[in-house]
Amino acid sequence: MIDTHTHIYEDCFATDIDKVIADAHAVGVSHMILPSTSTIDLEAVHRLCLQHSDSLHPLYGLHPTELSSDPMLQVEQIIDFAEHHAPFMGIGEVGLDLYHDKSRQKEQVEVFLRQMRYAYDHSLPVSIHCRQAISLLIDILPQLNGHVPEGSLHCYDGSPEQAIYIHRHYPQFYFGFGGSSTYKNSHVSEVATHIPLTTILTETDAPYLTPVPHRGKRNQPAYIPLVVEKLAATLHLSFDEVAHATHNNAQRLFKIND
């Protein structure tokens, strides 16, 4: 299994990070993808992935809720950092967010498209945050004139119909499922029944979105099996079938070698 989106470099893991990684390995999570969110956490992501280069892999990007007064400068600083700290796995966490702040939508779009173009030009995958903004994403992707990189729609929160549309028009996109798929009355996991298993990824977004039955506690990569269990029940497949398929999907997207 692979956790395709986790922030275990954050301060809340500082005292037990080695145990967090060991616990993940113990339950079969062999690799973890660590996306940055701004210039502030670049060093932390780089340092931790360097220490555990066999299983932790960095992404560098600017999150839509982390824009400074000059976000394009932030993007250039992040790209410069990435190019001077190779190898890195891809670009992320990038995207659009109309849940926290709609006032900077224009800037979010500009920053997102800049990072998407960079990823495409360098044949890198992207990890896309798109909270309550799937419609906007669909509207602006044509601006890339077909130059859309491979990527993961991290913590996908759109409708099944939108997922079908995205898969039809952008088959290079994968869909990330995490702890929110286990919540009572959540319809997130049902989206998985409308898209091919070959497009599904597992993630935690740790320390956020902790799955049931640990909701309310700090999330961690060792909880990936709970996501796999939920997907397996929803898709009427075995745990091993989903674990194997999602592992292969993540390997394919992020070019991971076991």
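Residues numbered from 1 in each chain as written. Predicted model: local features only at pLDDT ≥ 70, side-chain atom pairs only at ≥ 80, totals over all residues. Heavy atoms only, no water.

In this structure, S189 sits in the loop between β7 (173–177) and β8 (200–202). Each C-alpha atom of the pair S189 and H147 lies 29 Å from the other, and the pair is 42 residues apart in sequence. (Helix = DSSP H or I, 4+ residues; strand = E, 2+ residues; numbered from the N terminus.)

Charged atoms that come close allow side chains of opposite charge to pair. Throughout the structure, instances matching the rule amount to six salt bridges. Across the pair R218 and D16 runs a salt bridge, and its minimum N-O distance is 2.9 Å. One end of the pair, R218, is in the loop between β8 and α7 (224–235); the other, D16, is in the loop between β1 (2–3) and α1 (17–26), and 202 residues separate them in sequence. Note on R218: relative accessible area 26%, which makes it partly exposed. (Salt bridge = Lys/Arg side-chain N within 4 Å of Asp/Glu carboxyl O. Buried < 20%, exposed > 50% of the residue type's maximum accessible area, 1.4 Å probe, protein only.)

As a further point, take the state of the cysteines. Enumeration according to the criterion identifies zero disulfides in this entry. No disulfide involves C130; its sulfur sits 11 Å from that of C155, the nearest cysteine. According to the relative accessible area criterion, C130 is buried, its value standing at 5%. (Disulfide = S-S within 2.5 Å.)

Ranked by size, the top nonpolar core spans 71 residues in total, and within it I8, F112 and F177 carry the most contacts. Ranked by residue count, the leading element in this core is helix α4 (residues 105–121), at seven residues. Apart from the residues within four sequence positions on either side, I8 is in contact with F13, I17, V20, I21, M32, L34, L48, L56, A206 and P221. In this structure, I2, I33, A250 and L253 belong to the second largest nonpolar core, which totals ten residues. (Core = buried A, V, L, I, M, F, W, Y, C linked by side-chain atoms within 4.5 Å. Contact = heavy atoms within 4.5 Å.)

Right, let's get into helix α2 (residues 42–51). Residues of α2 that are buried include every one of L42, V45, H46, L48 and C49, and no others. At its buried positions, α2 is contacted by α1, β2 (31–35), β3 (56–60) and α3 (71–84).

Glancing now at the pairing of β3. Burial within β3 is extensive, with five of its five residues counted as buried. Burial along β3 is two-sided: L56, P58 and Y60 facing one way and H57 and L59 facing the other are all buried. Pairing analysis gives four bridges linking β2 to β3, with the strands arranged parallel. Paired with I33 across the strands is H57, a residue of β3. Following the backbone out of β2, through α2 and into the adjacent parallel β3, one traces a crossover that is right-handed. Pairing geometry for β3 and strand β4 (residues 90–97), over two bridges, is parallel. Looking at β4, one finds that Y60 is bridged to I91. (Pairing = 2+ DSSP bridges. Right-handed = clockwise from strand over helix to strand, strands pointing away.)

From the geometry alone we can't say anything about function, so treat these as descriptive.
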